[in-house]
Amino acid sequence: LATAKASALAAPGSALGEAESYYASLKMVKERIAFDEGLPFQLVWFDSLMNNQPVAATSTELELSSVLFDVAVLHQSRAFAFASSSVVDELRNAAKSYQAAAGFFSLLSKSPPSIPEVPVDLRADALSMLQVAMLADAQMVFLRVVELSKMQEGVIAKVAMGCVELMEKTAGWARAVKGSRVSEVLGVKARLLRGYYAALANSYQAMACEKSHNMAEQLGRIAAAQTEVYNTRKMMESPGMDSIKGSSFATDLAEKLAKMSDEYKRRKNLAEKENDSIYLVVPMTDAPPIEARVSVKPADAKAAVAEFKADEKVQAAFSIFVPREITGATREYATLVEELVDGEVSKLTRASKPLESAVQAAAGKEAQQQPPSSTPSKPSAADQQAFQDVLRAVQTGGLPHLKNKVSEVGAMAKETHTLLTSIHEALAKEEAEDARLRQMNPSVGRPVSRQVAAVYQQTVERIRGELGRAEQSDRFVSNTVSVDAAPMLETLDSAAVDLRSVDPNITDPVPAASPQQNMAGLQEGIMLLKERDAIVLDLQKTKSDDFPDAKEIPSGAAQKEYFDKRLNKNYGDLQLKSTALLGKFAPAERTLSGALNAAPVAAPAGGRAAKTERLQKLSEASRKFIELDGFLSQGMEFYSREQDVLKTLQKDVDGFVQARTMEAAQLGIAGMDVQGQQYGGYGAPPPPGGQPGGGYPAYPPYNPGGAPPQGGPPPYNSQYGGQPPSQQPGYGYPPGGGNQPPRY
């Protein structure tokens, strides 16, 4: 046995067959030799969810469960080796291996080892978490299969939503496994990937709408994808993400989300242009939920275990021992025990399944809730406009969007100043060189630099003044965004704003259950599931120890009475507990599901009047957002045009300096008199009483309205007014691309 175990653990990459053989060997020995007091030596394993803490025991139950756990992990490792392939057959095999791993974790969760202290990674909740995580990996691989198979976009969207559903369940189970760093990291990754796949599902559904010319839903789906990407990127920046910062997972996912952001923004702009010229529809803001199609399930691990073959040397050594359950009466009793225990476990599992699903949803569900049924109302035109302003501000990105834009304006200002400084230094250097030449030869026959370069100097000083005034505008807008208007703009955070609660087209929803009600229902559900697991564990433990001596079993009619009494003695109390528990599952599930399925937003007091009041408060913030967004767009346009002027000016100055340098060289050699010469267009004097020559137009800086009268910029007079372009927060990722999102 020791040799078989060493072989199974020697090479994890190719040890699946050896691990299966060791499991079958140990099981064979256990069936033939009674270890009533445990093994005469300790078996040591390491808890994979608790930083590999050693777990030592003399129980064959722990050994068997640990080996089966490793069999599941080896299937997962085999799957991971091909999960990033672009070959459909390899991806299908990877999905099968993930489902095999899920099957073994599922089998273990239904029959945990009968030992006093079960390691964390062999607890039912941890095994359920790992089972769902393997299914999530399998679903992600299957999504790649349907993408490479070029199936219809609507089908791919459903498969992507299947990934979302499994990520939510994984996150829920990860929260339930307390005290494990591994489960904490797994939960973080699952929540982030939930957002990634929700965006992908909406993206594919938008493409399906594009083919069916459903422009309203197409725009709504792209906006929904943008929101998912924005929220996921924001989540990655939160303090709760410290466990993955700097990891390859975080880096890869950030790159994918950035690509999605750019792609969805491009697609949104194209769709809006098409809508403005052809369809003229209002984007859908309450698109129906996408059906989740989960295409994977745990493999039949019980059948797989039955095929495990024991090591030949072990078979030969222990074949002389007769299995304990072979004798007629003992075998008959063991069959009765098997039927009783399996029946009770099956009843508990079936009856608790709906409650288990509700507990998972309550613990980990973060998806968008179903929109409440409502009757369209007739809002005023003012409320409609106010809501459109709020919708625009929230979907554009609110305060983070403005802060990013402030940074962009600052970067453009810095680049503009750098260009101006470079031109000024070139002119100053040429003037100094001209002065040096005149000092060496006072009678040099050419115009003074300051005279011929006057047009350039005037343009430099004019632009310097424009940039100085623009700098005041920059400070004013930046201070407004970061300080003065920040509290108001923070109310536009997409994670905090429930647009349905202020949409004038939707009636107030039915009040939802309070957080206290949700928490109470969740805690009750968790306690009932723990009670179920305890009963199952007691049944399994009692069964594993219940081997009557064949000599004490009577024959004939007395045998049935003996069996009945023994079964009642060993299992009667557990059956009573099981029966009592069965009656509690359904009411608890109804309570928790009722809280979960209630309207996502409690109906506020005051009805439409209160809704209008909330809408007006958000509308005030959105108007300030639109105003500041417009100012920043004007600033970006101002600096862009100034840079165009400066680049033209720099080219001319470079030519002027080069011409003067060549002229100085000629004067030094031949002593030529070139007084009054023009320099190939460089240095033309300014026209009398007019703008500076040389083709350098003046651009008044943007001057945001509402600036303080003293020390601030003058009243708004920018020639670059008009509506700022729509700039939604980030978005898309070319569907069907070769790059895969990071795995667990």
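Residues numbered from 1 in each chain as written. Predicted model: local features only at pLDDT ≥ 70, side-chain atom pairs only at ≥ 80, totals over all residues. Heavy atoms only, no water.

(A) Quick look at the pairing of strand 2 (residues 53–57). Taken together, the five bridges between strand 1 (residues 43–47) and strand 2 define a ladder with antiparallel strand orientation. Directly across from W45, in strand 2, lies its bridge partner V55. What sits between the antiparallel neighbours strand 1 and strand 2 is a turn of five residues, in which N51 has the positive phi angle 55°. (Pairing = 2+ DSSP bridges. Helix = DSSP H or I, 4+ residues; strand = E, 2+ residues; numbered from the N terminus.)

(B) Seen up close, the nonpolar core. Counting residues in hydrophobic clusters, the biggest one holds 97 residues, and the most contacted among them are L143 and Y197. Grouped together as the second largest cluster of nonpolar side chains are 49 residues, A453, A470, L489 and A621 included. (Core = buried A, V, L, I, M, F, W, Y, C linked by side-chain atoms within 4.5 Å. Buried < 20%, exposed > 50% of the residue type's maximum accessible area, 1.4 Å probe, protein only.)

(C) Looking closely at the packing of aromatic side chains. If you walk through the whole model with that rule in mind, you get eight aromatic pairs. Measuring from ring centre to ring centre gives 4.9 Å for Y196 and Y197, while their planes differ by 85°; the resulting arrangement is edge-to-face. For the residue pair Y196 and Y197, the accessibility class agrees, reading buried in each case. Residues F638 and Y639 carry aromatic rings whose centres are separated by 5.1 Å and whose planes lie at 65° to one another, so their mutual orientation is edge-to-face. Since its relative accessible area comes to 1%, Y639 is described here as buried. Site record: aromatic cluster; members linked through ring pairs are Y23, F104 and F308. Taking NZ or CZ as reference, K189 lies 5.2 Å from the ring centre of F249, over its face. (Phe/Tyr/Trp six-rings, centres within 6.5 Å; stacked < 30°, edge-to-face > 60°. Lys NZ or Arg CZ within 6 Å of the ring centre and 35° of its normal.)

(D) Fine view of helix 13 (residues 381–396). Taking 1.5 Å as the rise per residue, helix 13 with 16 residues should run 22 Å; its terminal C-alpha atoms sit 22 Å apart, in good agreement. One or two steps after helix 13, the chain reaches G397, where phi turns positive at roughly 130°. (Expected span 1.5 Å × (residues − 1).)

(E) Representation of the packing of helix 6 (residues 153–176) against helix 7 (residues 181–211) in the model. Contact pair helix 6 / helix 7: the axes reach a minimum separation of 7 Å and the direction vectors enclose 160°. Taken together, helix 6 and helix 7 sit at an angle that is classed as roughly antiparallel. Relative to helix 7, the crossing made by helix 6 is left-handed. Of the residues contributing to the contact of helix 6 with helix 7, the split by class is 18 nonpolar, five polar and six charged. (Axes fitted to C-alpha atoms, helices over the stretch in contact; angles between N-to-C directions. Parallel < 35°, antiparallel > 145°, perpendicular 65-115°, else oblique. Left-handed = near helix turned anticlockwise from the far one by under 90°. Nonpolar A, V, L, I, M, F, W, Y, C, P; charged D, E, K, R; others polar.)

(F) Region of the structure containing the confidence of the model for the protein chain. Mean pLDDT for the protein chain: 78, with 79% of residues reaching 70 or above. Throughout residues 599–606 the model reports pLDDT below 50, and contacts reaching past four residues in sequence, or to other chains, amount to 18 contacts. Throughout residues 669–695 the model reports pLDDT below 50, and contacts reaching past four residues in sequence, or to other chains, amount to 41 contacts. (pLDDT = per-residue confidence, 0-100. Contact = heavy atoms within 4.5 Å.)

(G) Main features of unusual backbone geometry. One non-glycine residue, H213, adopts positive backbone phi at about 60°. Relative accessible area serves as the criterion here: at 55%, H213 is assigned to the exposed category. Positioned with a positive phi, L280 is a non-glycine residue whose angle comes to about 55°. Inspection of the secondary structure puts L280 in the loop between helix 9 (248–279) and helix 10 (301–306).

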